[in-house]
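Listed below are the residues making up each chain.
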Amino acid sequence: MNKPSRAQELFIRRLKLRRITVCAARVLILAGFLFLWEFCADNGIIDSFIFSSPSKITACFWEMVADRSIFQHISITLYETLASFLLVTLFSILAAVLLWCSKRLSDILEPYLVVLNSLPKSALAPLLIVWLGATPKTIIVAGMSVAIFGSIMNLYTSFTTVDQEKIKLIYTLHGRRRHVLTKVVLPGSVPAVISNMKVNIGLCLVGVVIGEFLAARSGLGYLIIYSSQVLS
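Basis of the calculations
Residues numbered from 1 in each chain as written. Predicted model: local features only at pLDDT ≥ 70, side-chain atom pairs only at ≥ 80, totals over all residues. Heavy atoms only, no water. Phe/Tyr/Trp six-rings, centres within 6.5 Å; stacked < 30°, edge-to-face > 60°. Helix = DSSP H or I, 4+ residues; strand = E, 2+ residues; numbered from the N terminus. Buried < 20%, exposed > 50% of the residue type's maximum accessible area, 1.4 Å probe, protein only. Lys NZ or Arg CZ within 6 Å of the ring centre and 35° of its normal. Contact = heavy atoms within 4.5 Å. 1 Å grid on protein atoms, 1.4 Å probe; cavity = no way out; pocket = protein on both sides within 12 Å on 5 of 7 lines; lining within 4 Å. Points joined across faces, edges and corners; volume = space filled by probe spheres on them.

**Q** Just to check I follow, could you spell out the packing of aromatic side chains for this structure?
**A** Scanning the model with the defined rule gives three aromatic pairs in all. Arranged with centres 5.9 Å apart and planes meeting at 45°, the rings of phenylalanine 33 and tryptophan 37 form a pair that is tilted. Separated by four residues within a single helix, phenylalanine 33 and tryptophan 37 lie in helix α1 (residues 6–42), roughly one turn from each other. Given the relative accessible area of 51%, phenylalanine 33 is considered exposed. Ring geometry for phenylalanine 61 against tryptophan 62: centres 5.8 Å apart, planes inclined by 70°, an arrangement best described as edge-to-face. The ring of tryptophan 100 carries arginine 177 above its face, with NZ or CZ at 4.3 Å from the centroid.

**Q** What's the story with the side chain of histidine 73 in this structure? I'm lost.
**A** In this structure, histidine 73 sits in helix α4 (residues 69–101). Leave out the neighbours within four places in its chain, and histidine 73 touches Met64, Ser218, Gly219, Leu220, Tyr222 and Leu223.

**Q** Would you mind showing me how to read unusual backbone geometry here?
**A** Peptide bonds are, in most cases, trans, and in most cases residues other than glycine have a negative phi. Even without being a glycine, serine 52 presents a positive backbone phi close to 55°. Note on placement: serine 52 falls in the loop between α2 (48–51) and α3 (54–66). With a phi angle near 65°, arginine 68 is a residue other than glycine that sits in the positive phi range. Take arginine 68: it is sitting in the loop between α3 and α4. Taking relative accessible area as the criterion, arginine 68 reaches 62% and is therefore assigned exposed.

**Q** Looking at this structure, how should I read empty space enclosed by the protein?
**A** Any space left empty among the atoms is revealed by the rolling of a water-sized probe across them. Summed over all chains, the structure comprises one cavity of 30 Å³ or more. In this structure, the largest cavity occupies an estimated 30 Å³ of space. If you go around the largest cavity, the residues you meet are Thr89, Ser92, Ile93, Ser151, Leu155, Val193, Asn196, Met197 and Asn200. Elements with a contribution of two residues or more to the lining of the largest cavity: α4, α7 (136–160) and α10 (190–214). A per-element tally of the lining of the largest cavity places α10 first, with four residues.

**Q** Explanation requested: the environment of alanine 215 in the structure shown.
**A** Within the element layout of this structure, alanine 215 appears in the loop between α10 and α11 (220–231). For alanine 215, a relative accessible area of 9% corresponds to the buried category. Counting along the chain gives 77 residues from alanine 215 to threonine 138, while the straight-line C-alpha distance between them is 8.6 Å. Residues within four places of alanine 215 in sequence aside, it is in contact with Ile129, Ala134 and Ile139.

Interpretation in functional terms is not warranted from these geometric data alone.
As structure tokens, this is what we get:
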């Protein structure tokens, strides 16, 4: 192998230094925030009964680790979040493909998708519980409802904005619509799919926690509600 040139070594060194600087800055910001929070709580600048403090939170967390109760709540919320996330990813890709395949169908459903995406998702959770019952499946559906409509719209937009020259090339070579989908549209939309997945995992967690607020006997959402009732 050829030995890297001096310019390449300098570039690699600068890149490593930049990564170290970014990581150090992130750690310092977090440490500074926790220190300021603890300082304000200890000196009465903020009410530690209302805002708590990092030391009290850490002590409570280790108590729940010792009796293993925290692991049950985390595992349940994690399962429900992952289930809703995977279902949202699957259904949104399939729905976006279906809309892309049928222009007429996309024109018909587009206003409904816009309206459903603009609805306050937290308001849907009580209705879902009334319709489906207070079960883990309902909480998974609540997690899906937060992300699925926006995900479908974003993916469909990505499908319709792929390079048109590549599509023309497929048709010039006597390709069919399925070839356009598998050779151009889906591969060209991979960044959009990954970007949607990054957003959806957080949205699904929010939806699951909202569902656990209303209809759960375990999970992080239930734990939050229970703790707030004990506090009051």
